[in-house]
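# Summary of structural features
So the chains spell out like this:
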Amino acid sequence: MRPGFRIGIGAETRWDGADRVGAKFAEFAEERGLPAAIRRSVSVALDELLANTIAYGGAARIVVDVALHPNRLSVMLIDDGRPFDPFGREAPPPPPGTALPVEERKIGGEGIHLVRRMMDDVRYERRADRNVVVLTKRL
Amino acid sequence: MEITTRTQQDVTLVVLAGHLDSNTSPEAQAALDAILAGGGRKLVIDFSALEYISSAGLRVLLGTAKRLKQGGGALRLFGLNETVREVFEISGFATILTVVDTEASALRGL
């Protein structure tokens, strides 16, 4: 069986849930000896997507499924919230205001831009009544 | 996340350890707000024990940088690991915030 784990977040846990997933992933990465750079990038991506879903998705349950393959790490996030494709809008490269000075700079949409850039592949599909996001990071 | 602060003359040095993400950013925000409320105008943040930062953490830094700038203060960061640096580069923060390599260069001329 391939190494991996599955962890669920219920509506009642919310923010603690995202933290629990992060801690579980860090533990798994440690056990498997994943390079620190990979562990950190995936941790950022997990935080961005979970934070979005928890804040806006209206999901009662989120499941995160991590699978380690010989040359890639695959992270699947499944939620039962409103249909929403986080990658649906083309991220303008560079994101709005990237070059603005600090006084004029606003934050928004940064999270998804980070996920796109830090992962090797990002996919979304609506499967029955679930949102399914799959992230791939090459090892 | 662990946040420790110490002051050196009129400079407040903040050490952020762990991760600055959606879960920990309110805590970091509160700590930085308290420094500013206490009159701190020159801030140096030590990132060398910070594993990673997500956009929630970037928001905290940006808000703090804006307020310091309005009040004629300064914010300098040092000790970024490769992942934090990558996040800064992708988001454009590497050019809008003052990032240096060492504590000594952060303190120089502040």
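Residues numbered from 1 in each chain as written. Chains lettered and ligands numbered in written order. Predicted model: local features only at pLDDT ≥ 70, side-chain atom pairs only at ≥ 80, totals over all residues.

## Digging into the overall build of chain B
Here is the rule we go by: Labels follow the DSSP assignment, with helices taken as runs of H or I lasting at least four residues and strands as runs of E lasting at least two, numbered in each case from the N terminus. As a reference, a globule follows 2.2 Å times the number of residues to the power 0.38, and the radius of gyration itself is taken over C-alpha atoms. Counting other C-beta atoms within 10 Å of each residue's C-beta, where C-beta atoms are placed from the backbone, gives the exposure class: buried for 20 or more, exposed for 12 or fewer, partly exposed between. Throughout, a residue-residue contact means that the two C-beta atoms, derived from backbone geometry, are no farther apart than 7 Å.
If you tally the helices and strands in chain B, you get five helices and six strands. Going residue by residue from the N terminus, the α and β elements of chain B occur as β-β-α-β-β-α-β-α-α-β-α. A globule of 110 residues ought to have a C-alpha radius of gyration of about 13 Å, and chain B, at 13 Å, matches this closely. Projected onto the principal axes, the alpha-carbon positions of chain B cover approximately 30 × 25 × 25 Å. In chain B, which comprises 110 residues, the share counted as buried stands at 41%. Counting contacts in chain B only where the partners sit at least 6 residues apart, residues at least 24 apart contribute 70% of the total.

## Regarding the environment of B:Gly57
With respect to the helices and strands, the residue B:Gly57 is situated in helix α2 (residues 55-70). Not counting chain neighbours up to four residues away, the residues in contact with B:Gly57 comprise B:Leu20, B:Asp21, B:Ser25 and B:Ala28.

## Details of the sheet that holds strand β5 (residues 130-138) of chain A
All names here are of chain A. Formally: Two strands qualify as a pair provided that DSSP identifies no fewer than 2 bridges between them. For every element, the axis is a line fit to its C-alpha atoms; helices are fit only across the contacting stretch, and the angle between N-to-C directions ranges from 0 to 180 degrees.
Spatially, five strands are ordered β1-β2-β3-β5-β4 in an open sheet, and the strand pairing comes out antiparallel. The two strands at the open ends of the sheet, each matched to only one other strand, are β1 (4-10) and β4 (121-127). Mean inter-strand twist for the sheet, computed between neighbouring axes without regard to direction, equals 15°. Its contacts with the sheet place helix α2 (residues 36-56) against β2 (61-68), β3 (72-79) and β5, and it is angled at close to 10° to β3.

## Concerning the interface of chain A and chain B
What counts here: In this classification, the charged set is Asp, Glu, Lys and Arg, the nonpolar set is Ala, Val, Leu, Ile, Met, Phe, Trp, Tyr, Cys and Pro, and all remaining amino acids, among them Gly, are polar.
In this complex, chain A contributes 25 residues to the contact, which on the side of chain B involves 25 residues. Of all the secondary-structure elements, those providing two or more residues to the side of chain A that touches chain B are α1 (15-32), α2 and α3 (110-118) of chain A. The dominant element in the side of chain A that touches chain B, judged by the number of residues it contributes, is α2(A), at eight residues. Of the residues assigned to the side of chain A that touches chain B, the class counts are twelve nonpolar, five polar and eight charged.

## Let's talk about unusual backbone geometry
In this structure, A:Ala128 is a non-glycine residue whose phi angle is positive, near 50°. Looking at the element boundaries, A:Ala128 is found in the loop between β4 and β5. Phi angles above zero are rare outside glycine, and B:Gln9 is one such case at about 55°. Mapped onto the fold, B:Gln9 is located in the loop between β1 (2-8) and β2 (11-20). On the neighbour-count criterion, B:Gln9 (8 C-beta atoms within 10 Å) is exposed.

## A word on the environment of B:Val14
Residue and element names in this part refer to chain B. The residue Val-14 is located in strand β2 in this model. The class of Val-14 is buried, set by 21 C-beta atoms lying within 10 Å. Along the sequence, Val-14 and Leu-77 sit 63 residues apart, while their C-alpha atoms lie 9.5 Å from each other. Residues within four places of Val-14 in sequence aside, it is in contact with Ile-3, Thr-5, Leu-43, Ile-45 and Asp-46.

## Some remarks on the environment of A:Asp79
Residue and element names in this part refer to chain A. With respect to the secondary-structure elements, Asp-79 resides in strand β3. In this structure, the C-alpha to C-alpha distance between Asp-79 and Leu-50, residues 29 residues apart in sequence, is 9.7 Å. Residues within four places of Asp-79 in sequence aside, it is in contact with Thr-53, Gly-57, Ala-59, Arg-61, Ile-62, Arg-130 and Asn-131.

## Concerning the nonpolar core
To keep things clear, this is the line we draw: The term nonpolar core means buried Ala, Val, Leu, Ile, Met, Phe, Trp, Tyr and Cys residues held together as one set by C-beta atoms within 7 Å.
Counting residues in hydrophobic clusters, the biggest one holds 55 residues, and the most contacted among them are A:Ala45, A:Leu46, A:Leu50, A:Val75 and B:Val84. Ranked by the residues each element gives to this core, the list is headed by α2(A), at eight residues.

## Brief notes about the packing of helix α1 (residues 25-37) of chain B against α2(B)
Residue and element names in this part refer to chain B. Heads up, the condition is: Should an angle fall under 35 degrees it is taken as roughly parallel, and over 145 as roughly antiparallel, whereas 65 to 115 is taken as roughly perpendicular and any remaining angle as oblique. We call a crossing left-handed when the near helix sits turned anticlockwise from the far one by less than a right angle, and right-handed when that turn is clockwise.
Their axes nearest at 9 Å, the elements α1 and α2 cross at an angle of 10°. By the angle between their directions, the pair α1 and α2 is classed as roughly parallel. Between α1 and α2 the crossing geometry is right-handed. Between α1 and α2, the contacting residues are Ser-25, Ala-28, Gln-29, Leu-32 and Leu-36 on the first element and Ala-56, Gly-57, Arg-59, Val-60, Thr-64 and Arg-67 on the second. Of the residues that constitute the contact of α1 with α2, the class distribution is five nonpolar, four polar and two charged.

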